[in-house]
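Listed below are the residues making up each chain.
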Amino acid sequence: MTSYSILKTSEMGDLFLLAGETHLLAVYFADGNESRSLANGAKLNPNQKVLKQASKQIQEYLRGKRTEFSVPMRNQGTPFQKKVWKRIAMIPFGKTVSYSDLARYAGSYKAVRAAGTATGTNPLCILIPCHRVIAKNGGIGGYGGGLDRKRKLLEIERISLRR
């Protein structure tokens, strides 16, 4: 059975968290379309163990008290998406990579657009830190949650970009 909760944050707005019995399945910004469709069939249960653990760790991260996440996660996607997400998860706190670097690390240096698309469909925002993927020229690039949120996440990690 899947459960969900809404984590209210002053930094990012509300976050929608979805979990199975043993793994976190999704973290989206609650004002996005994904959270509305995923809530169908799931039970509101903010006291579910994985959801409580994820909420605590995200709050610690947003306050600058955490640099890594240990909550168990599971994501579903194509083999290429999973490869890209795995690489994104390996980007250290406070560091960035470009979309082209990400494509190369994922084994397909010509697939920059595909890597960007996979980044944009990351089901576990913040925990799989797609905000750390930037444009090759050092610019901010895109972000499904909006560029203001991406800037805030990068500021938490003390990452400065070209304007």
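Quick look at the structure, then. If you're wondering where the values come from, they're calculated on a predicted model, not measured in any experiment.

**Details of the overall build of the protein chain**
And step 1. A count of helices and strands for the protein chain gives six helices and six strands.
And step 2. If you list the helices and strands of the protein chain from N to C, you get β-β-β-α-β-α-α-β-α-α-β-α.
And step 3. Against the globule reference of 15 Å for 163 residues, the protein chain gives a C-alpha radius of gyration of 15 Å, in line with a compact fold.
And step 4. In terms of overall dimensions, the protein chain has C-alpha extents of about 45 × 35 × 25 Å along its principal axes.
And step 5. Taken across its 163 residues, the protein chain has 47% of its residues classed as buried.
And step 6. Nonlocal contacts in the protein chain, meaning residues at least 24 apart in sequence, comprise 56% of its contacts between residues at least 6 apart.
And step 7. For the protein chain, the exposed surface amounts to about 8900 Å²; the carbon and sulfur share of it is 50%.
And step 8. Averaged over its 27 positive side-chain charges, the protein chain has a centre that lies 6 Å from the centre of its 11 negative ones.

**Let's talk about the nonpolar core**
And step 1. Counting residues in hydrophobic clusters, the biggest one holds 37 residues, and the most contacted among them are Leu-17, Leu-24, Val-27, Ile-58 and Ile-88.
And step 2. Of all the secondary-structure elements, those providing two or more residues to this core are strand S2 (15-19), strand S3 (24-29), helix H2 (49-62), helix H3 (79-89), helix H4 (99-105), helix H5 (112-120) and helix H6 (147-156).
And step 3. Element by element, the count of residues in this core is highest for H2, at six residues.
And step 4. In this structure, Tyr-4, Leu-18, Tyr-28 and Ala-42 belong to the second largest nonpolar core, which totals six residues.

**Topic: H6**
And step 1. All of the buried residues along H6 are Arg-149, Lys-150, Leu-153, Leu-154 and Ile-156. One side of H6 holds all its buried residues, which, seen down the axis, span an arc of 155 degrees. What points out from H6, more than 90 degrees from its buried face, is the exposed set Asp-148 and Glu-155.
And step 2. Arg-158 sits one or two residues past H6 and shows a positive phi near 60 degrees.

**Re the side chain of Ser-55**
And step 1. Structurally, Ser-55 can be placed in helix H2.
And step 2. Relative accessible area serves as the criterion here: at 14%, Ser-55 is assigned to the buried category.

**Some remarks on the sheet that holds S3**
And step 1. The strand order S3-S2-S1-S4 describes an open sheet built from four strands, whose pairing is mixed. Strand pairing shows two members of the sheet lacking a second neighbour, S3 and strand S4 (43-44), which therefore form its edges.
And step 2. Of the pairings in the sheet, the one linking strand S1 (residues 3-7) to S4 comprises two bridges and is parallel in character. For Ser-3, the partnering residue across the bridge sits in S4 and is Lys-43.
And step 3. H2 contacts S1, S2 and S3 of the sheet and is inclined by roughly 145 degrees relative to S2.

**A look at the pattern of salt bridges**
And step 1. For the structure on display, the rule yields seven salt bridges.
And step 2. For the salt bridge of Arg-104 with Asp-101, the shortest nitrogen-to-oxygen distance reads 3.0 Å. Remark: Asp-101 and Arg-104 occur in helix H4; sequence separation between them is three residues, near one turn of the helix.
And step 3. Of the residues examined, Asp-101 reaches a relative accessible area of 24% and is grouped as partly exposed.

**A few points about the pairing of S1**
And step 1. Most of S1 is tucked away, with four of its five residues classed as buried.
And step 2. Direction of pairing for S1 relative to S2: antiparallel, over a ladder of five bridges. Bridged to Ser-5 within S2 is Leu-17.

Rules and cut-offs
All residue numbers refer to position in the chain's written sequence, counted from 1. Only residues with pLDDT of 70 or above have their local features reported here, since the model is predicted, and side-chain atom pairs are shown and tallied only from 80 upward, although totals for entire chains, interfaces and linings are computed over all residues. Excluded from the side-chain calculation are hydrogens and water; included are all heavy atoms of the structure. Strands are runs of DSSP state E lasting at least two residues, helices are runs of H or I lasting at least four, and both sets are numbered from the N terminus onward. The globule rule is 2.2 Å times the number of residues to the power 0.38, and the radius of gyration it is compared with is taken over C-alpha atoms. Each residue gets one of three labels from its accessible area relative to the maximum for its type: buried under 20%, exposed over 50%, partly exposed in between, using a 1.4 Å probe on protein chains only. In what follows, residue pairs with any heavy atoms lying within 4.5 Å of each other are defined as contacts. Areas reported as accessible are Shrake-Rupley estimates using a 1.4 Å probe. Residue values count occlusion only from the protein chains shown. Two residue types count as positive, namely Lys and Arg, and two as negative, namely Asp and Glu; His and chain ends fall outside the count. Every charge is mapped to an atom, namely NZ of Lys, CZ of Arg, CG of Asp or CD of Glu. Residues belong to one nonpolar core when they are buried, are Ala, Val, Leu, Ile, Met, Phe, Trp, Tyr or Cys, and are joined through side-chain atoms within 4.5 Å. Of all possible arcs, the one meant is that of the directions from the helix axis to the C-beta atoms. DSSP bridges decide pairing: two strands pair if at least two such bridges lie between them. Here an axis means a line fitted to C-alpha atoms, over the contact stretch when the element is a helix, while the angle between two N-to-C directions is reported on a 0 to 180 degree scale. We count a salt bridge whenever a side-chain nitrogen from Lys or Arg sits within 4 Å of a carboxyl oxygen from Asp or Glu.

Everything listed is a geometric property; what it means functionally is a separate question.
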